[in-house]
Amino acid sequence: MASVKLAVYVTAHTVRKIARGELDLAAARRLLDKLGIEKVYIENYRFGLLVGRDELEAAVSAFRGYEVAGGSCIGTWGEGWGRYADFGFKVVCLTDERNLKLIEEAMEGAGEVFDEILIDDFWANWCACQHCVERFNEEYGLDVTPQLLRAELRRGASPLAALWARFSTELLLEVSRRHVVEPFKRHSSSARVVLKVAEWREDFYVRGLFIPALREVFDGVYVGTESRERVHRYGSYYTARLVAALAGGLGGAWFDTYDGLGYTFPVTPETYIEQLVASAASLPPEITLFNLEDLLKPSREPHVRALERHLPDMREFLRRVSGEPIGVLRPAILPHFSPARDRYVEDYLGSVGLPLRPVTPREIGEGDYVLITAKEVELLDLEELVRRVGTLILTADALELIADRYARVAKLLGLEKVERREAWATTFRYGDRWTWEGHRRAVRLPVGPIIRCRGAEPVVWAGDGSEEWPVVLRRRSGGLGVVMMCVTKCPGLLLEYPEPVRQALRDIAAEYTGVRVAARVGPLSNVSIYLYSDGHLLVMNHNSYSLVIEVDYRKARFSGKPRVVGGQAKLGELAEEMFLLELPGRSYGIIECA
């Protein structure tokens, strides 16, 4: 692909410091040049601070020689504004005319200086105050209270949640058109307004962020690729690719230096670079670092040094890759509720080496392997889908939901009965590999549901010493293959199950991708494996210890002798189109097989 553009974001508070001569501009320019930054986003509003035109122009002048664009954090509340919702940070109520007037003022002011602006990801319908709920009741002929609404939203899928998602979307679309985009474009109809959405994709729709509709209002969609401590970095990649599928393209990726554990301390430099790698893996045209003033702090010196080391590799990776990501397909749709079942399950599956690729449902066709979670069971016509795909891979929650509520679909899949919701296993068996985990580790792990499926063949067995149950099953009927994964109900345990469980899932995925990966040394979990159709592989070891991974691409659609073109990996050849990859702890390797 074309080379990536690197940008930095300057907050409104930093803009004011620049205008007052309180920021070391020489140090700022040295940092930008050291990192190869080409573009600077200059913000005019954040948490109550609206900087004036003179201050914005002073910042523009300070960064002469760089491409400049505007930025605004109009979703945040400040003193003198109207109603707000408090999530530990205060965000504006979109039904309060006082807030809308100030938002419009901020956008029109930015439009006087810039012809492009990036809206930070606080822009959503967060509020469910009495006034918002009264308007909701009026529009839909309901009589619910804020307390009832919040309880329903916590419950997950429900008719009321679907109506609230619709209300939130229509409200955000209207306010975005009238008070964001139109005021900014009053000075130039060709100006661009780009919306950045956050990393919390499971709540997009219920907060009004129905991306296909917003793409009709905004000129592009950026995504936050923050994966802070205690979450899986694969989710950064997955969210960015999901947004790309929903928006018809990706405007860029953005991440910061915060740890997400209270924000007192920065994220570790290792996690910071893993955010960079996941961002680059999603193939964005632009990557933005948030924010300039943070990166100038002494506490961020290790992060800057890490960027200096690893940015050249990521630039080279993006320059080389010409193919598209490959993986088991995921329907790119947004749930109109905040899901409780299979919440962020993709992040966990991706972190045990199962590559996933979000695509629009209309792109799914004959021969495709498609992962279906409980979210799609509520949203897709599965009876129609089974008639046009090759293999459905179903999560445990999807299986339970189908068995409980969708008898016709269960019959098509051969799903006869859920015999037990869960069982506790101490042994696991995949083919001739038998394992019992016990050396200073918990032995009993939950599996389930335990199902009876007509014509299914067990792939993985689990047992407790007295009986065994099939926990990964396969069935083929006519042209349809079905894989039933009864090991995903607690997604975090995918990283704790014995290696044969994970290998069984990776082997099934390899039938579709043509690339089989397996552990040689160390458990193959807490990793990210990104595959591309032109023969590039990007593999990230998120563990503190080294791994040796076996890669077999004899059945892939690409061929060529493998070589390392970036990162810290060491390569060892096994046979033609097979190799061993040694990855030190917290490192990555970029492999070219083309």
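The present account deals with the structure reproduced in this document. (Residues numbered from 1 in each chain as written. Predicted model: local features only at pLDDT ≥ 70, side-chain atom pairs only at ≥ 80, totals over all residues. Heavy atoms only, no water.)

1. Observations concerning the packing of helix α6 (residues 146-155) against helix α7 (residues 159-184)
With their axes 8 Å apart at the nearest point, α6 and α7 run at an angle of 105° to one another. As far as their axial angle goes, α7 and α6 are roughly perpendicular. Counted together, Leu149, Glu152 and Leu153 of α6 and Leu160, Ala161 and Trp164 of α7 form the full contact between these two elements. Residue composition of the contact of α6 with α7, grouped by class: five nonpolar, no polar and one charged. (Axes fitted to C-alpha atoms, helices over the stretch in contact; angles between N-to-C directions. Helix = DSSP H or I, 4+ residues; strand = E, 2+ residues; numbered from the N terminus. Parallel < 35°, antiparallel > 145°, perpendicular 65-115°, else oblique. Contact = heavy atoms within 4.5 Å. Nonpolar A, V, L, I, M, F, W, Y, C, P; charged D, E, K, R; others polar.)

2. Considering helix α3 (residues 53-62)
In an α-helix, one full turn covers 3.6 residues, which means residues spaced three or four apart are oriented alike. For α3, every residue scored as buried is listed here: Glu55, Leu56, Ala59 and Ala62. Viewed along the axis of α3, the buried residues span an arc of 120°, placing them on a single side of the element. Contacts made by the buried residues of α3 are with α1 (12-19), α2 (25-35) and β2 (39-46). (Buried < 20%, exposed > 50% of the residue type's maximum accessible area, 1.4 Å probe, protein only. Arc of directions from axis to C-beta.)

3. Focus: the sheet that holds strand β33 (residues 587-592)
The sheet built from five strands is open, its strands ordered β12-β27-β28-β33-β30 with antiparallel pairing. Two strands close off the open sheet at either side, each with one partner strand: β12 (325-326) and β30 (563-567). Strand direction decides the pairing type here: strand β28 (residues 536-541) and β33, joined by six bridges, are antiparallel. What sits directly across from His536, in β33, is Glu592. On top of the sheet, helix α9 (residues 234-247) reaches β12 and β27 (527-532); it is set at about 35° to β27, its chief contact. Along the sheet, helix α10 (residues 269-281) makes contact with β27, β28 and β33, crossing β28 at roughly 155°. (Pairing = 2+ DSSP bridges.)

4. A short note on the state of the cysteines
In total, this model carries zero disulfides according to the counting rule given. Cys129 takes part in no disulfide bond, and the closest cysteine sulfur, belonging to Cys127, lies 3.5 Å away. A relative accessible area of 15% places Cys129 in the buried class. (Disulfide = S-S within 2.5 Å.)

5. Side note on the sheet that holds strand β29 (residues 547-552)
With antiparallel pairing, four strands are arranged side by side in an open sheet as β26-β29-β32-β31. Edge strands, defined here as strands with exactly one partner in the open sheet, are β26 (516-521) and β31 (570-575). Between one strand axis and the next, the sheet turns through 25° on average, direction left out of account. As paired elements, β31 and strand β32 (residues 578-583) share five bridges and run antiparallel to each other.

6. Points about the nonpolar core
Ranked by size, the top nonpolar core spans 190 residues in total, and within it Phe63, Ile119, Trp123, Val180, Phe218, Leu289 and Val447 carry the most contacts. The element best represented in this core is α7, accounting for 12 residues. Aside from chain neighbours lying at most four places away, what touches Ile119 is Ser72, Ile74, Met107, Val180, Val193, Val194, Leu195, Lys196 and Phe218. In terms of nonpolar packing, the next biggest core, distinct from the first, is built from 21 residues, Leu537, Leu547, Ile549 and Ala556 among them. (Core = buried A, V, L, I, M, F, W, Y, C linked by side-chain atoms within 4.5 Å.)

7. Remarks on the packing of aromatic side chains
Scanning the model with the defined rule gives 30 aromatic pairs in all. Relative to Tyr532, the ring of Phe317 has its centre 5.6 Å away and its plane inclined at 65°; by these criteria the two rings are edge-to-face. Taken together, the residues Phe317 in helix α12 (residues 301-320) and Tyr532 in strand β27 connect sequence positions 215 residues apart. A centroid spacing of 5.8 Å and a plane angle of 25° characterise the contact between Tyr553 and Phe558, whose relative ring orientation is stacked. Phe558 shares its class with Tyr553; the two are buried. Taken together, the ring pairs connect Phe47, Phe87, Phe89, Phe122, Trp126, Trp200 and Phe204 into an aromatic cluster. (Phe/Tyr/Trp six-rings, centres within 6.5 Å; stacked < 30°, edge-to-face > 60°.)

By themselves, these figures tell us nothing about what the structure is for.
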